[in-house]
Amino acid sequence: MLARTLLLLGVLVLAVLCAEDYYKLLGIKKEASERDIKKAYRTLSKKFHPDKNPGDKEAEKKFVDIAEAYDVLSTEETRKIYDQYGHDGIEQHKRGGSPRQRHDPFDLFSRFFGGSGHFGHQSTERHGPNMEVRVAVPLRDFYNGRKTEFTVEKQAICSECEGSGSADGHVETCDMCGGHGVVIKRHQLAPGMFQQIQAHCDKCGGKGKIIKKPCPVCGGSRVIKEPETHELQIEKGMPSGVRITYENEADESPDWSAGDLIVHLIETDPAYGQQDHERTDGTFMRRRGNDLYWREVLSLREAWMGDWTRNITHLDGHIVQLSRKRGEVVQPHTVEIVKDEGMPVWHQQLENNAGEQWGTLNVEYVVVLPDMMEKGMEKEFWAVWEKWRKKGGKSLDKEWGRPKEPIVMPKEDEHDEL
Ligand SMILES: [Zn+2]
Ligand SMILES: [Zn+2]
C-alpha cells in the first residue's frame with residue numbers, strides 16, 4: 001500500500017515537473033483529428049492572444065504554449081514522436097537539427113487569421129470586411145435553448161503554402177516594379193514636355209511579387225474557398241434578430257487581419273416536424289418580445305355554458321391547462337393572460353440576481369358556431385328559443401328606433417346654402 005502511494009506521488013511530482021501535456025493544453029483527445037487540432041488552436045489562440053489580454057503574463061505564456069502544442073501536433077512526424085516519447089522526444093528531435101523551422105507564435109497566428117498576427121481592434125492594421133449570415137431556427141429553440149452548428153463558405157488562407165502562394169516557398173520581388181505593383185510611365189507630350197502616368201505593372205499583374213512555382217492547391221492565389229463549421233449556442237429567450245459575433249472568423253487573406261463573422265439569428269416560419277417534440281401546440285405560438293400569443297377555439301356550448309378543459313402543449317412539451325366551470329361564459333375574442341407561460345427572459349435582459357423570469361401567454365378565444373345541426377336537435381333548440389323569446393324577447397330594431405322604410409337623401413339642388 002505504502003509502495004503504491006509512493007509510486008503515485010512520484011508520478012504526480014513528475015507530472016508537475018513536465019511541461020503541460022499538449023493535448024490537454026489544446027483541450028482535445030489523443031485521437032483528435034487534424035481538424036480538431038486546428039479548431040482548438042483557432043479558438044484558444046484568439047482567447048489568449050496578448051492583444052486581448054494586455055499585461056497578462058499568464059495569458060501570454062499560454063498563447064506561446066498553445067502555438068508550440070499546435071506546431072508539434074499538426075505535423076505528423078512530430079506528433080508521432082510526441083505520442084511516443086513526450087516532451088523529451090520533441091526536445092531531442094529539435095536538437096537533432098531537423099530542418100523543420102519553428103514558427104513564431106504570432107507568425108502562426110497570422111497564418112490562421114491573416115495580417116501580421118495582431119488583431120487588437122485598436123491597432124492600425126488593416127481589417128478585412130465583416131461577413132454577415134442569417135441562421136434561422138424554430139421558436140422552440142429560442143424557448144428551450146439549444147447547442148447546434150452551422151456552416152459557412154468562406155475564403156481561407158491556403159494551408160498548403162501557408163499563404164505564400166508558392167509551391168516551394170520562394171516568392172520573388174518583381175524586378176519590373178520593385179515590388180510596388182505599379183510602374184511610372186513617361187509620355188512625351190511635346191518636345192521637353194512629359195506626362196508621368198502611374199500604371200499597373202504587367203509583369204507581376206500588380207502584385208509586386210512573382211511566384212515561379214505556384215502552389216498546386218490555391219494556384220498561387222494564396223487563398224481557397226472552404227466551408228467552415230461553427231458552434232452556435234442559442235440561449236433561452238434570445239430575441240429573434242439577435243446578432244452574435246464570431247471575432248476574426250470572416251474571410252481571411254494574408255493581406256489583412258480577418259474581420260468578424262456576424263450571425264443574425266432569426267425565427268423560421270412555424271411548421272410541424274416529424275418527431276413528437278416538434279409537434280407541440282407551441283410550435284404555432286407567435287412571439288412578440290417576451291410574450292407569446294395563442295388562439296384557442298371554443299364551441300358555442302363551451303363558450304356559453306362553460307364546463308370544459310383544454311390541455312395546450314407548450315414548446316417544451318409541458319401542459320398549460322385552461323378550463324371553465326359550468327356557468328362561466330367566455331365572450332368571443334376575450335384574451336386570457338396566463339402569467340409566466342410566455343418566453344423565458346434572456347439572461348442578458350434580466351436584472352442582477354433576478355432569477356428566472358418569463359413573459360405572459362396571451363390566449364385569445366375564438367368561438368365557432370355550428371352551421372349544421374341534426375334535425376331533432378334543431379327542432380328542440382328552436383322551441384326553446386321561441387318559448388323564451390315570447391316571454392321576454394326584445395326587438396333591437398324597435399328599441400333603437402330604426403325605420404321600416406329606407407331614408408331618402410335630399411337632391412343636389414336642394415342643398416342648404418352654406
Ligand atoms: Zn496554396
Ligand atoms: Zn511588377
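The chain is annotated in an unreviewed UniProt entry as DnaJ-domain-containing protein of Massarina eburnea CBS 473.64.

(A) The overall build of the chain, seen in detail. Helix and strand counts for the chain come out as 10 helices and 15 strands. The C-alpha radius of gyration computed for the chain amounts to 37 Å, which surpasses the reference 22 Å derived for 418 residues by more than 25%, pointing to a less compact arrangement than a globule. Along the three orthogonal principal directions, the C-alpha set of the chain runs to about 110 × 100 × 40 Å. Buried positions account for 18% of the 418 residues belonging to the chain.

(B) Just helix H5 (residues 76–95), in detail. With 20 residues, H5 should cover 28 Å at 1.5 Å per step; its first-to-last C-alpha distance of 18 Å lies more than 12% under that length. Along H5, the largest kink reaches about 130 degrees and is centred on Tyr85.

(C) How the structure looks around the nonpolar core. Leu26, Ile66, Ala69 and Tyr70 are the most contacted members of the largest nonpolar core, which has 35 residues in total. Contributing elements (two or more residues each) for this core: helix H2 (22–26), helix H3 (34–47), helix H4 (57–73), helix H6 (105–113), helix H7 (139–144), strand E9 (261–267), strand E11 (291–299) and strand E15 (361–368). Top element by residues in this core is H4. It accounts for 7 residues. Both domains that furnish three or more residues to this core are identified here as domain 1 (15–102) and domain 2 (276–368). If sequence neighbours within four positions are ignored, Ala69 has contacts with Tyr22, Leu25 and Leu26. Listed in part, the 6 residues of the second largest apolar core include Cys158, Cys161, Cys215 and Cys218.

(D) Expanded view of the UniProt feature "zinc finger region: CR-type" (unreviewed entry) in the chain. Feature annotation in UniProt places "zinc finger region: CR-type" (unreviewed entry) on residues 145–227, given in this structure's numbering. Its end C-alpha atoms 25 Å apart, residues 145–227 is made of 0% helix and 46% strand.

(E) Region of interest: the sheet that holds strand E10 (residues 286–288). Within the open sheet, the 4 strands sit side by side as E10-E11-E15-E14. Their pairing is mixed. Two strands close off the open sheet at either side, each with one partner strand: E10 and strand E14 (335–338). Sheet twist, expressed as the average angle between the axes of neighbouring strands with direction ignored, equals 30 degrees. Relative to E11, E10 runs antiparallel, the two sharing 3 bridges. Within E11, the residue paired with Arg288 across the bridge is Asp291.

(F) Focus on the pairing of E15. Where E11 meets E15, 8 bridges bridge the pair, whose relative direction is parallel. Directly across from Ser299, in E15, lies its bridge partner Val368. As paired elements, E14 and E15 share 4 bridges and run antiparallel to each other. Paired with Val335 across the two strands is Glu364, which belongs to E15.

(G) Inspection of unusual backbone geometry at higher detail. A positive phi angle, close to 55 degrees, is found at Glu162, a residue other than glycine. By the element assignment, Glu162 lies in the loop between strand E2 (146–157) and strand E3 (172–173). Residue Glu162 is classed as partly exposed on the basis of its 18 C-beta neighbours within 10 Å. Positive phi, normally seen in glycine, also occurs at Asn248, with a value near 55 degrees. Topologically, Asn248 is positioned in the loop between strand E8 (242–246) and E9.

(H) A look at the domain arrangement of the chain. According to the domain assignment, the chain contains domain 1 (15–102) and domain 2 (276–368). Here the C-alpha centre of domain 2 lies 54 Å away from the C-alpha centre of domain 1.

(I) Examining H3 more closely. When the terminal C-alpha atoms of H3 are compared, their 20 Å separation across 14 residues agrees well with the 20 Å that a helix rising 1.5 Å per residue should span. Buried residues along H3 sit in contact with H2, H4 and H6.

(J) Spatial organisation of the packing of H3 against H4. Two elements in contact, H3 and H4, have axes separated by 10 Å at closest approach and are oriented at 170 degrees. When the interaxial angle is binned, H3 and H4 end up roughly antiparallel. As H3 packs across H4, the resulting crossing turns out to be left-handed. For the pair formed by H3 and H4, the contact residues are Ile37, Tyr41, Leu44 and Ser45 on the first element and Phe63, Ile66, Ala67, Tyr70 and Leu73 on the second.

(K) Region of the structure containing the sheet that holds E9. Taken in spatial order, the 3 strands line up as E1-E9-E8 in an open sheet, and their pairing is mixed. One side of each edge strand has no neighbouring strand; the edge strands of this open sheet are strand E1 (131–137) and E8. Geometrically, the sheet is characterised by an average inter-axis angle of 25 degrees between neighbouring strands, direction not taken into account. Sheet topology places E1 next to E9; 7 bridges connect them, and they run parallel. Its bridge partner lying in E9, Glu132 is registered against Ile262.

(L) Broad picture of the environment of Ile262. With respect to the helices and strands, Ile262 occurs in strand E9. Accessibility expressed as a C-beta count within 10 Å gives 16 for Ile262, which makes it partly exposed. Residues Ile262 and Asn248, spaced 14 residues apart in sequence, show a C-alpha to C-alpha distance of 9.9 Å.

The rules behind each value
- Along every chain, residues carry numbers that run from 1 in the direction the sequence is written.
- Labels are handed out in written order, letters beginning with A for the chains and numbers beginning with 1 for the ligands.
- Selection of residues for local features in this predicted model requires a pLDDT of at least 70, selection of side-chain atom pairs for listing and counting requires 80 or more, and totals for whole chains, interfaces and linings are taken over all residues.
- Helix and strand assignments follow DSSP, with helices taken as H or I runs no shorter than four residues and strands as E runs no shorter than two, numbered in order from the N terminus.
- Radius of gyration: C-alpha atoms only; globule rule: 2.2 Å multiplied by the number of residues to the exponent 0.38.
- Exposed residues have 12 or fewer other C-beta atoms within 10 Å of their own C-beta, buried residues have 20 or more, and partly exposed residues fall in between, where C-beta atoms are placed from the backbone.
- How far a helix is expected to stretch is found by multiplying one less than its residue total by 1.5 Å.
- The bend at a residue is defined as the angle formed between two axes, one fitted to the seven residues ending at that residue and one fitted to the seven starting there.
- Linking buried Ala, Val, Leu, Ile, Met, Phe, Trp, Tyr and Cys residues through C-beta atoms within 7 Å yields a set, and such a set is a nonpolar core.
- The domain boundaries here were taken from an automatic or database domain assignment.
- Our contact criterion uses C-beta atoms placed from the backbone: two residues qualify when those atoms are within 7 Å.
- UniProt positions are given in the numbering used here, feature names are shortened, and annotations may be inferred rather than shown by experiment.
- In this scheme, strands are said to pair when DSSP sees at least two bridges between them.
- In this analysis an axis means a line fitted to C-alpha atoms, helices contributing only their contacting stretch, and an angle means the value between N-to-C directions, from 0 to 180 degrees.
- An angle below 35 degrees is treated as roughly parallel, one above 145 as roughly antiparallel, one from 65 to 115 as roughly perpendicular, and anything else as oblique.
- By definition, any crossing whose near helix is turned counterclockwise from its far helix by less than a right angle is left-handed, and any crossing with a clockwise turn is right-handed.

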